[in-house]
Amino acid sequence: MPDPKAQADPIDARLVRRLAAILNDTGLTEIEVERGDLRIKVARNGPLAAMPTVYATPTAPSAGPAATAARSSGAEHEGDVVNSPMVGTVYLQPEPGAQPFVRVGDTVAEGQTLLIIEAMKTMNPIPAPRAGRILELLVADGQPVEFGEPLAVIG
């Protein structure tokens, strides 16, 4: 006979464990998921900096792991800001000890790889959305990033 308490408990312990594993794999400090009326948030203890929470609602089908360029207001960055299309860990070179894909001041072609983001054990190249010069790299090697977080500025 099934345990009535188990049926009444909406918390899926396996889901919580999987979310905790994602935190460990990605270096994130917290993750939250919703399924119907159930919302689960898993957070890691440790020093936390105040960071804005970004909620993304897809408005169009994704063409894959490509960077999106958004025109900056001009106050923060002069040029086009390349934002992260996913949550993951940034790597500035193809492998440890190799030369970085790009450096500040480099001229890049449209489609040229700027960096890679590791997400779910997959390396995703982030291409330049247009030709130009790298004005700023806004992330460090090995840094965790969130969806929509600025990565680089192309002028």
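As the structure is a computational prediction, the values presented were derived from the model and not from experiment.

Peer 1: Teacher, can you tell me more about the side chain of Gln-93 here?
Peer 2: The residue Gln-93 is located in the loop between β5 (88-91) and β6 (107-108) in this model. Polar side-chain contacts of Gln-93 include one of 3.2 Å to the side chain of Asp-141. With residues up to four places along the chain from it excluded, the contact list for Gln-93 reads Ala-98, Gln-99, Pro-100, Phe-101, Ile-116 and Asp-141.

Peer 1: Please clarify how the pairing of strand β11 (residues 150-154) should be interpreted in this entry.
Peer 2: Two faces belong to every sheet, and in a regular strand the side chains alternate between them. Taken across its five residues, β11 has four buried, putting it largely inside the fold. Sheet topology places strand β4 (residues 80-83) next to β11; four bridges connect them, and they run antiparallel. Bridge pairing links Val-81 to Val-153 in β11. Direction of pairing for strand β9 (residues 132-137) relative to β11: antiparallel, over a ladder of three bridges. Paired with Glu-136 across the bridge in β11 is Val-153.

Peer 1: Whenever I open this one, helix α2 (residues 13-26) confuses me. Can you help?
Peer 2: Within an α-helix, residues lying three or four positions from one another point in the same direction, as the helix has 3.6 residues per turn. Taking 1.5 Å per residue as the helical rise, α2 with its 14 residues ought to reach 20 Å, and the 20 Å between its terminal C-alpha atoms agrees with that figure. Considered for burial, the residues of α2 that qualify are Leu-15, Leu-19, Leu-23 and Thr-26. The buried residues of α2 occupy an angular sector of 90° when projected down its axis, which confines them to one face. Opposite the buried face of α2, at more than 90 degrees from it, the exposed residues are Arg-14, Arg-17, Asn-24 and Asp-25. Looking at the buried positions of α2, the neighbouring elements they touch are β1 (30-35), β2 (38-43), β5 and β10 (144-145). Gly-27 lies just past α2 and shows a positive phi near 80°.

Peer 1: Teacher, can you tell me more about the nonpolar core here?
Peer 2: The tendency in soluble globular proteins is for nonpolar side chains to be buried side by side. With 17 residues, the main nonpolar core has Val-90, Leu-114, Leu-115, Ile-117 and Leu-151 as its most contacted residues. For this core, the element with the highest residue contribution is strand β7 (residues 113-119), accounting for four residues. Leu-15, Leu-23, Leu-28 and Ile-31 belong to the second-largest nonpolar core, a separate cluster that totals seven residues.

Peer 1: What is the right way to read the side chain of Thr-89 from this model?
Peer 2: As for its position among the elements, Thr-89 is in strand β5. Here Thr-89 falls in the buried class, since its relative accessible area comes to 8%. Those residues within four positions of Thr-89 in sequence are excluded, and the remaining contacts are Thr-26, Ile-116, Ile-117, Glu-118, Gly-142, Gln-143 and Pro-144.

Peer 1: Before we go on, may I ask you to explain unusual backbone geometry in this structure?
Peer 2: With the exception of glycine, most residues fall at negative phi, and the peptide bonds are largely trans. If you check the backbone angles, Met-120 has positive phi at about 55° while not being a glycine. Looking at the secondary structure, you find Met-120 in the loop between β7 and β8 (122-127). We classify Met-120 as exposed; its relative accessible area is 64%. Even without being glycine, Lys-121 reaches a positive phi, approximately 65°. In this structure, Lys-121 sits in the loop between β7 and β8.

What counts and how
- Every chain begins its residue count from 1, and numbering advances along the sequence as written.
- Owing to the predicted nature of the model, reporting of local features is limited to residues with pLDDT of at least 70; listing and counting of side-chain atom pairs is limited to 80 or more, with chain, interface and lining totals taken over all residues.
- Processing note: side-chain calculations cover all non-hydrogen atoms of the structure and skip hydrogens and water entirely.
- Secondary structure elements follow DSSP: runs of H or I of four or more residues count as helices, runs of E of two or more count as strands, with numbering from the N terminus.
- Two N or O atoms count as a polar contact when they lie within 3.5 Å, although within protein this holds only if one can serve as hydrogen donor and the other as acceptor, and sequence-adjacent residues are included solely when both atoms are side-chain atoms.
- What makes two residues a contact is simply this: any of their non-hydrogen atoms within 4.5 Å.
- Relative accessibility decides the category of a residue: with a 1.4 Å probe and only protein chains considered, values under 20% of the type maximum give buried, values over 50% give exposed, and everything between is partly exposed.
- A pair of strands is labelled paired if DSSP reports no fewer than 2 bridges between them.
- Here a helix's expected span is defined as the number of its residues, less one, multiplied by 1.5 Å.
- Arc definition: directions from the helix axis to the C-beta atoms.
- Joining through side-chain atoms within 4.5 Å is the link that ties buried Ala, Val, Leu, Ile, Met, Phe, Trp, Tyr and Cys residues into a set, and such a set is a nonpolar core.

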